[in-house]
Amino acid sequence: MDQIIRDKIKQVKKGDQAAFSDVVEYYQHKIYQHCYRMLGNAHEAEDMAQEAFIRAYVNIDSFDDGRKFSTWLYRIATNLTIDRIRKRKPDFFLDAEIKGTEGLDMYSQLASTYISPSDKVEGIELQRYIHHEISELPPKYRSIIILRYIEEFSLQEISEILDIPLGTVKTRIHRGREALRKRLRHV
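Bear in mind that the values here come from a model prediction, so they are computed numbers and not experimental data. (Residues numbered from 1 in each chain as written. Predicted model: local features only at pLDDT ≥ 70, side-chain atom pairs only at ≥ 80, totals over all residues. Heavy atoms only, no water.)

1. Some details on the overall build of the chain
Line of reasoning, step 1. Scanning the chain from N- to C-terminus turns up eight helices and zero strands.
Line of reasoning, step 2. Starting at the N terminus, the α and β elements of the chain follow one another as α-α-α-α-α-α-α-α.
Line of reasoning, step 3. Taking all 187 residues of the chain together, 35% fall into the buried category.
Line of reasoning, step 4. Nonlocal contacts in the chain, meaning residues at least 24 apart in sequence, comprise 59% of its contacts between residues at least 6 apart. (Helix = DSSP H or I, 4+ residues; strand = E, 2+ residues; numbered from the N terminus. Buried < 20%, exposed > 50% of the residue type's maximum accessible area, 1.4 Å probe, protein only. Contact = heavy atoms within 4.5 Å.)

Put into C-alpha cells, the structure is as follows:
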C-alpha cells in the first residue's frame, strides 16, 4: 500500500487532484480518529482532520519523497490538534452530558465489546476514566501516549511525526506513563 500512496503523491505533485482524493479516502478515517483521540470532540476532530488534508495538499511540494507520507500527514494533524488544544478554552469535558440528550456523554460514543452486563459496565467506566486521565495530561505527554499506545506507532515514527529526537520521545513516553500511573494509582 505504501507504494500505491507514493505513486499517488507523485501524481499529486504533477497536478492530479483526483489522485489526492484517493489519498484522502485512504487516510481520512485514521486521521479523524487520531484527531478525535487528541481532542475528544467529534466536530473539532472533523475540522482538524480536514485542515490537515488541506495543509498537506497545499504544501505537497515540501513533502520529502524519501519519507513515509503517513508520518508527514500525522505530524501535520498532531501539530494542528496541539495548537487547537492550546488555543481553546475548556468549555466541555468528555464526561459532560451532551446537550439535548439525557444521560449521554462523549464516552458513550466509544465502542466496547460485549462480555457480560456487569463486566461491560465496569469496562466502560474504566475506559472512561483512563481516557479522561489521558485527556488531562499535558499535550506533549498526551500526544506521545496516544501515538504510542492507541495509534501504535513505533518510536521512530513518533519522532518523525512530532519532529523531535528519538531520545526525547523515549523520555516523554516514560514521563507520560509515570504521570498517567500517578493519576491512575488508586484504580
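2. Some remarks on the packing of aromatic side chains
Line of reasoning, step 1. Inspection of every chain in the model, using the stated rule, returns eight aromatic pairs.
Line of reasoning, step 2. Consider the rings of Phe-20 and Tyr-57, whose centres lie 5.0 Å apart with planes at 55°: the pair is tilted. Taken together, the positions of Phe-20 in helix H2 (residues 17-39) and Tyr-57 in helix H3 (residues 42-58) put the pair 37 residues apart, joining distant regions of the chain.
Line of reasoning, step 3. Its relative accessible area of 7% is what places Phe-20 among the buried residues.
Line of reasoning, step 4. Both rings, one in Tyr-27 and one in Phe-69, keep their centres 5.8 Å apart while their planes meet at 50°; by these two values the pair is tilted. Placement of the pair is Tyr-27 in helix H2 and Phe-69 in helix H4 (residues 69-87), with a sequence separation of 42 residues. (Phe/Tyr/Trp six-rings, centres within 6.5 Å; stacked < 30°, edge-to-face > 60°.)

3. Concerning the packing of H4 against helix H7 (residues 155-162)
Line of reasoning, step 1. For the pair H4 and H7, interaxial distance at closest approach is 7 Å and the crossing angle is 55°. Comparing the axis directions of H4 and H7 gives the class oblique. Pair H4 / H7 crosses with right-handed handedness. Across from Thr-71, Tyr-74, Arg-75 and Thr-78 in H4, the residues of H7 making contact are Glu-157, Glu-160, Ile-161 and Leu-162.
Line of reasoning, step 2. Tallied by class, residues from the contact of H4 with H7 come to three nonpolar, two polar and three charged. (Axes fitted to C-alpha atoms, helices over the stretch in contact; angles between N-to-C directions. Parallel < 35°, antiparallel > 145°, perpendicular 65-115°, else oblique. Left-handed = near helix turned anticlockwise from the far one by under 90°. Nonpolar A, V, L, I, M, F, W, Y, C, P; charged D, E, K, R; others polar.)

4. Some points on the environment of Arg-172
Line of reasoning, step 1. Here Arg-172 is to be found in helix H8 (residues 166-183).
Line of reasoning, step 2. Here the alpha-carbon distance between Arg-172 and Ser-143, two residues 29 residues apart in the chain, equals 9.6 Å.
Line of reasoning, step 3. Once you skip the residues sitting within four places of it in the chain, Arg-172 turns out to touch Lys-140, Tyr-141, Ile-144 and Ile-164.

5. Notes on the packing of H2 against H3
Line of reasoning, step 1. Close contact between H2 and H3 brings their axes to 8 Å; oriented N to C, the two are set at 140°. By the criterion of interaxial angle, the relationship of H2 to H3 is oblique. Here the hand of the crossing between H2 and H3 comes out right-handed. Counting all contacts with H2, which are made through Gln-17, Phe-20, Val-24, Tyr-27, Gln-28, Ile-31, Tyr-32, Cys-35, Tyr-36 and Leu-39, the residues of H3 involved are Ala-42, Glu-44, Ala-45, Glu-46, Met-48, Ala-49, Ala-52, Phe-53, Ala-56 and Tyr-57.
Line of reasoning, step 2. The residue inventory of the contact of H2 with H3, partitioned by class, reads 16 nonpolar, two polar and two charged.

Structural measurements only, silent on function.
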